[in-house]
Amino acid sequence: MDLELSDDQRELQTTVRAVLERECPPSVVRAVIEEGTGTDALWARMVELDWPALTVPEADGGIGLGFVELAVLAEELGRALAPGPLMATAGQFVPALVAAGTAEQRRRFLGPVATEGLVGTVAVAEASGSWDGADITTAAVRDSAGWVLRGEKHFVFDGVRADEMVVAARIGPTTGDDGIGLFVVPRSAVRAEPMEDLDATRQYATVFLDDVRIDDDRVLGEPGAAGPVLRRAMDEAAAALSVEMVGTCQAIFDIVHSYVGEREQFGVKIGSFQAVKHKLANMFVALESARATAYFAALTIAEDDDRRRLAVATAKASVGDCQRLMAQEGIQCLGGIGYTWEHDMHMYVKRVKTAAVMFGSGAVHRARVAEMIGLGSTPVPSP
């Protein structure tokens, strides 16, 4: 398992960073937050550059690269606080279709992702905020014409904007991972309402499924047996989000590092103070630890390693710890200006704080790690 990026992957990283520095500077992000500016132009540019097609199989019209390349892209998106539906589409919708869709379904739904900019997402969590399939109560009922879905989905990434969404629902009186079905639902069939959220750079939605009718050709895999596939897709979504959070934490570190090298107090740079040096050293160690675990998780997914589920849980827990330290020290090291709306720091802090609880908080994943390494049936904390 090679833990170093290849030359091609580094070239991808350099190219993506250059594009985002030009197309998505902090002023663009601030306009989205303060003025509600749309992200259509940025999304169109991403589609033009084939970013949504990155991990779509070549047979379905995509580039066919692996999960490490997606991780490289995700880190740069997090570093730039890039708004728009790329993470929902490439980090959630595409993995679900690749894992569970038939060849015809992949061509039908992933082809437009790769060539036309179709926006996709995944709707799993409900009112509890858990992305565990065992907590799903949304019902899927079979009738003579197909399937009928009833329920609500919460915290859906870009749920208002998505053209298609993979919805997880329970079939029959089952419990746990048994009886889970995955259905590709068009936006026109649901009622989606935007959520008020701490992070205004990303749009979340509550999706209402009011007797939504779905044909059999929109069912992914065998109805009622999709629990393992859903778990796999959620692992990939959590891993992609973890790497994105690393990118945002890197941006926080860069802002602080630059500031303490310029700000003077008592006639000297505050970065020369031992207390400030210790803060930056702790931040750097936490950042590199989070990056290592996040990319290891990406590698286990790319190589279909048996350790992938443990690696993803470890990564999400590690990045959760990192963001907590980064947010606290990032604001404190900036002094009074760090608390102001005019400074960009709050945009980065809000992004990582929101992402930290998506697809399971650090506490949830730490409990999963404990259970997987044999520390007994550790109760999973509430989200």
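Anything mentioned here points back to the structure above.
Residues numbered from 1 in each chain as written. Predicted model: local features only at pLDDT ≥ 70, side-chain atom pairs only at ≥ 80, totals over all residues. Heavy atoms only, no water.

*Asks:* What's the story with the overall build of the protein chain in this structure? I'm lost.
*Replies:* For the protein chain, the helix and strand inventory stands at 11 helices and 10 strands. A compact globule built from 383 residues would reach a C-alpha radius of gyration of about 21 Å, and the protein chain, at 21 Å, matches this within 12%. Here the protein chain, with 383 residues, has 55% of them falling under the buried criterion. Excluding contacts between residues fewer than 6 apart, the proportion of contacts in the protein chain whose partners are at least 24 apart in sequence is 74%. Only carbon and sulfur atoms are counted for the fraction: they give 52% of the accessible area of the protein chain, which is about 16,100 Å². (Helix = DSSP H or I, 4+ residues; strand = E, 2+ residues; numbered from the N terminus. Rg over C-alpha atoms; globule rule 2.2 N^0.38 Å. Buried < 20%, exposed > 50% of the residue type's maximum accessible area, 1.4 Å probe, protein only. Contact = heavy atoms within 4.5 Å. Areas by Shrake-Rupley, 256 points an atom, 1.4 Å probe, with all protein chains shown as cover.)

*Asks:* Would you take a moment to explain helix α11 (residues 362–372) for this structure?
*Replies:* An α-helical segment advances 3.6 residues per turn. Residues three or four places apart therefore align on the same side. Among the residues of α11, G362, V364, H365, A367, R368, V369 and A370 are the ones counted as buried. Those residues of α11 that are buried lie in contact with α9 (308–333). Backbone geometry just downstream of α11 places G374 in the positive-phi region, at approximately 90°.

*Asks:* Got a minute to help me understand the packing of helix α8 (residues 274–302) against α9 in this structure?
*Replies:* Packed helices, taken two at a time, are described by their axes: the angle between them and the distance between them. At a minimum axis distance of 8 Å, the contact between α8 and α9 shows a crossing angle of 155°. One way to sum up the angle between α8 and α9 is to call them roughly antiparallel. The handedness of the crossing between α8 and α9 comes out as left-handed. When the residues that make up the contact of α8 with α9 are grouped by side-chain class, the tally is 17 nonpolar, 8 polar and 3 charged. (Axes fitted to C-alpha atoms, helices over the stretch in contact; angles between N-to-C directions. Parallel < 35°, antiparallel > 145°, perpendicular 65-115°, else oblique. Left-handed = near helix turned anticlockwise from the far one by under 90°. Nonpolar A, V, L, I, M, F, W, Y, C, P; charged D, E, K, R; others polar.)

*Asks:* How should the pairing of strand β5 (residues 180–186) be read in this particular structure?
*Replies:* The buried count for β5 comes to 7 of 7 residues, which makes it a mostly enclosed element. The alternating pattern of β5 places I180, L182, V184 and P186 on one face and G181, F183 and V185 on the opposite face, and all of these are buried. As defined by bridge partners, strand β4 (residues 164–171) adjoins β5 across 7 bridges and the pair is classed as antiparallel. Counterpart to R170 in the pairing with β5 is I180. Two elements, β5 and strand β8 (residues 219–220), share 2 bridges in a ladder whose sense is antiparallel. (Pairing = 2+ DSSP bridges.)

Remember that the coordinates give geometry; whether it matters functionally is a separate question.
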